[in-house]
Amino acid sequence: MEELLDHISAEIYQKSYVIVDDFVDEPFRKALLKEQIELVNQGKFRHAAVGKGGQKQVRTEIRSDEVLWMDANELTPLQAAYWEKIEEVRKVLNQRCFLGLRSFEGHFARYPVRSFYKKHLDQFQAVPHRVVTVILYLNDSWTAEDAGALRMYFPQEDGSELIEDVLPLGGRLVVFLSGEIPHEVLPTNKERISITGWLRNID
Ligand code: OGA
Ligand code: MN
């Protein structure tokens with residue numbers, strides 16, 4: 001873990017993003033996935049909203065995923081263990097990148113077949129406190145034909161954008177600066193399960 005944390009902080013410092021495969025081991029991933037599918041089957045997921053506060057609304061033409069917000073007081077031991085790992089990421093980013101991260105918020109996400117999330121930034125006027133985005137994918141298997149990639153956009157000095165597509169492979173962690181990297185979830189051909197969260201500079 002120590003080396004991994006070094007790697008994550010160095011990459012965030014230099015490139016504003018990092019992709020880490022096998023961030024969690026297979027038994028851990030499978031168990032987290034199983035718990036999440038149970039929550040889905042219990043009908044606990046809701047269409048995700050866009051905007052914040054009074055402006056919050058479901059806009060399925062912008063995003064069509066379903067989410068369940070994590071409640072820090074109601075985590076299963078497994079979810080608490082994941083939260084703990086993210087705490088370690090938070091601490092090392094503070095030590096090495098001086099990001100002043102104070103808390104984590106996150107939700108379980110499910111993208112049903114054909115769902116997507118159009119290009120956006122995770123940090124915007126209404127949610128200025130999200131500094132680092134952290135996504136863990138839980139899927140059993142994933143191929144290019146399953147689509148549903150996370151597409152990241154990297155603005156270039158000449159005004160153009162470079163694109164990188166990241167498949168939601170189980171165990172893969174994606175970390176990036178919320179205010180710097182526009183991204184989208186391309187329409188998926190298969191149910192796509194993840195935990196998405198944000199390290200924030202407020203409590
Ligand atoms: C989000 C998001 C990306 C992904 O929930 O804000 O951009 O790959 N998710 O799930
Ligand atoms: Mn996002």
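The structure this text deals with has already been given above.
All of the points below concern the structure found in this document. Since this is a predicted model, take the numbers as computed values, not measurements.

### Some words on the pattern of salt bridges
And then number 1: A complete count under the given rule lists 17 salt bridges for this structure.
And then number 2: Here Arg-59 makes a salt bridge to Glu-61, at a shortest N to O gap of 2.6 Å.
And then number 3: Between Arg-110 and Glu-66 there is a salt bridge whose closest N-O contact spans 2.8 Å. Of this pair, Arg-110 sits in strand β4 (residues 103-111) while Glu-66 is found in strand β3 (residues 66-69), placing the two residues 44 residues apart along the sequence.
And then number 4: A relative accessible area of 18% places Glu-66 in the buried class.
And then number 5: Overlapping salt bridges, with partners in common, bring together Glu-26, Arg-29 and Asp-140 in one network.

### Things to note about the coordination of the manganese ion (ligand 2)
And then number 1: For the manganese ion (ligand 2), the protein coordination sphere consists of His-120 (NE2), Asp-122 (OD) and His-183 (NE2), at 2.1 Å.
And then number 2: One chain supplies every donor to the manganese ion (ligand 2), and in sequence these donors are spaced H-x1-D-x60-H. Residue His-120 is found in strand β5 (residues 117-120), and its partner His-183 is found in strand β10 (residues 183-185); the two are separated by 63 residues along the sequence.

### Here's the deal with the environment of Leu-68
And then number 1: Looking at where Leu-68 falls in the secondary structure, it is placed in strand β3.
And then number 2: Between the alpha carbons of Leu-68 and Val-40 there is a distance of 8.7 Å; along the sequence they are 28 residues apart.
And then number 3: Those residues in contact with Leu-68 that sit more than four places away from it in its chain are Leu-39, Lys-44, Phe-45, His-107 and Phe-108.

### Describing the nonpolar core
And then number 1: Formed by 38 residues in total, the largest nonpolar core has its most connected members in Ile-8, Phe-23, Tyr-82, Leu-93, Val-132 and Leu-173.
And then number 2: At the level of secondary structure, the elements contributing two or more residues to this core comprise α1 (2-15), β1 (17-20), α2 (26-41), α3 (77-97), β4, β6 (130-137), β9 (173-177) and β11 (192-200).
And then number 3: Among the elements that take part in this core, α3 stands out by supplying eight residues, more than any other.
And then number 4: With residues up to four places along the chain from it excluded, the contact list for Ile-8 reads Val-18, Val-20, Phe-23, Val-89, Leu-93 and Leu-173.
And then number 5: Counting ten residues, the second-largest nonpolar core is a separate cluster that includes Ile-135, Leu-150, Met-152 and Phe-154.

### Focus: the site of ligand 1
And then number 1: In the region of ligand 1, 13 residues are neighbours, and His-120, Asp-122, Tyr-137, His-183 and Arg-192 sit closest.
And then number 2: Residue Asp-122 places a side-chain N or O atom 3.2 Å away from an oxygen atom belonging to ligand 1.
And then number 3: The separation between an oxygen atom of ligand 1 and a polar side-chain atom of Arg-192 is 2.8 Å.
And then number 4: For ligand 1, whose unbound accessible area comes to 290 Å², protein coverage reaches 99%.
And then number 5: Residue assignment for the shell around ligand 1 shows that the elements contributing at least two residues are β5, β6, β10 and β11.
And then number 6: Of the residues forming the shell around ligand 1, the biggest block, three residues, is contributed by β11.

Basis of the calculations
Residues numbered from 1 in each chain as written. Chains lettered and ligands numbered in written order. Predicted model: local features only at pLDDT ≥ 70, side-chain atom pairs only at ≥ 80, totals over all residues. Heavy atoms only, no water. Salt bridge = Lys/Arg side-chain N within 4 Å of Asp/Glu carboxyl O. Helix = DSSP H or I, 4+ residues; strand = E, 2+ residues; numbered from the N terminus. Buried < 20%, exposed > 50% of the residue type's maximum accessible area, 1.4 Å probe, protein only. Donors = N, O, S within 2.8 Å, 3.2 Å for Na, K, Ca; no water. Contact = heavy atoms within 4.5 Å. Core = buried A, V, L, I, M, F, W, Y, C linked by side-chain atoms within 4.5 Å. Near = heavy atom within 4 Å. Polar contact = N/O pair within 3.5 Å; in protein donor to acceptor, adjacent residues only side chain to side chain. Areas by Shrake-Rupley, 256 points an atom, 1.4 Å probe, with all protein chains shown as cover.

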